[in-house]
Amino acid sequence: MKPDDTARPTPSPLPGQPQSGARMLELVFPKDTNYHGTAFGGFVLSLMDKAASVAAVRHSKHHVVTARMDAVDFHLPVRVGDALALEARVIRVGRTSMTVQVDVFRENLTSGEQQLATNGTFVFVAVDLDGRPVPVPPLG
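In this report, the structure presented in the accompanying data block is examined. (Residues numbered from 1 in each chain as written. Predicted model: local features only at pLDDT ≥ 70, side-chain atom pairs only at ≥ 80, totals over all residues. Heavy atoms only, no water.)

Of all 14 residues in strand S5 (residues 114–127), 11 are buried, a share of seventy percent or more. Sheet topology places strand S2 (residues 63–74) next to S5; nine bridges connect them, and they run antiparallel. Looking at the pairing, valine 65 lines up with valine 125 of S5. Bridge analysis of strand S4 (residues 97–107) against S5 gives 11 bridges, and the strand direction is antiparallel. Within the sheet, the bridge partner assigned to phenylalanine 105 lies in S5 and is leucine 116. Counting the residues that bridge the hairpin from S4 to S5 gives six residues, and of these glycine 112 lies at a positive phi of roughly 85°. (Buried < 20%, exposed > 50% of the residue type's maximum accessible area, 1.4 Å probe, protein only. Helix = DSSP H or I, 4+ residues; strand = E, 2+ residues; numbered from the N terminus. Pairing = 2+ DSSP bridges.)

Now for the nonpolar core. Counting 27 residues, the largest nonpolar core has Leu84, Leu86, Met98, Val100, Val102 and Phe124 as its most contacted members. Contributing elements (two or more residues each) for this core: helix H1 (41–60), strand S3 (83–93), S4 and S5. The leading source of residues in this core is H1, at eight residues. (Core = buried A, V, L, I, M, F, W, Y, C linked by side-chain atoms within 4.5 Å.)

With that settled, the discussion passes to the side chain of glutamine 101. Residue position: glutamine 101 is located in strand S4. The exposure class assigned to glutamine 101 is buried, which follows from its relative accessible area of 14%. In this structure the side chain of glutamine 101 is engaged in a polar contact, spanning 3.1 Å, whose partner is the side chain of aspartate 103. Apart from the residues within four sequence positions on either side, glutamine 101 is in contact with Glu87, Ala88, Arg89, Ile91, Asn119, Gly120 and Thr121. (Polar contact = N/O pair within 3.5 Å; in protein donor to acceptor, adjacent residues only side chain to side chain. Contact = heavy atoms within 4.5 Å.)

Moving on: the sheet that holds S4. Remark on secondary structure: sheet strands pair via backbone hydrogen bonds, oriented parallel or antiparallel. With antiparallel pairing, the five strands of this open sheet are ordered in space as S1-S3-S4-S5-S2. In this open sheet, the two strands that pair with only one neighbour each are strand S1 (21–27) and S2. Ignoring strand direction, the axes of neighbouring strands in this sheet form an average angle of 25°. Where H1 meets the sheet, its contacts fall on S1, S2, S3, S4 and S5, and the angle it forms with S3 comes to roughly 45°. (Axes fitted to C-alpha atoms, helices over the stretch in contact; angles between N-to-C directions.)

Next up on the list: the environment of alanine 85. By secondary structure assignment, the location of alanine 85 is in strand S3. Taking the C-alpha atoms as reference, alanine 85 lies 5.0 Å from phenylalanine 105; in sequence the two are 20 residues apart. With sequence-adjacent residues up to four places away left out, alanine 85 is seen in contact with Met24, Leu25, Asp103, Val104, Phe105, Glu107 and Gln114.

This part covers unusual backbone geometry. Phi at lysine 61 takes a positive value of approximately 65°, unusual for a residue other than glycine. The class of lysine 61 is exposed, set by a relative accessible area of 57%. Backbone geometry places alanine 71, a non-glycine residue, at a positive phi of 40°. Structurally, alanine 71 is set in strand S2. Of the residues examined, alanine 71 reaches a relative accessible area of 59% and is grouped as exposed.

Just geometry here; none of it tells us what the structure is for.
Rendered as structure tokens:
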């Protein structure tokens, strides 16, 4: 059979994937933990920054840079074998900046139980290819 050379339509977002939001799921392995057996804060912050940046890019349709992390609160420890379910959404928009709320849930994969483990806000600036700030659309 000959491959189909016709153009394929751009896939639409997955259900539950808003254009100003993002979801991620990450497993916690021993390499991600400290000597107490709980996830390193820096590991969790890195995941939060990734999820937040996806939400910011989806909203702005531009490259983004992290400008600030605000009020990150660690509520519950996360252990090896837990999953981290992250939900990020743009909650405020300035001229070139966006504030993104990120909630991180500790999930037991066998029971499906989720508990809020960490949350915080991140500020991103949309930039052009030369790194200059560019305007972003309002929240719709």
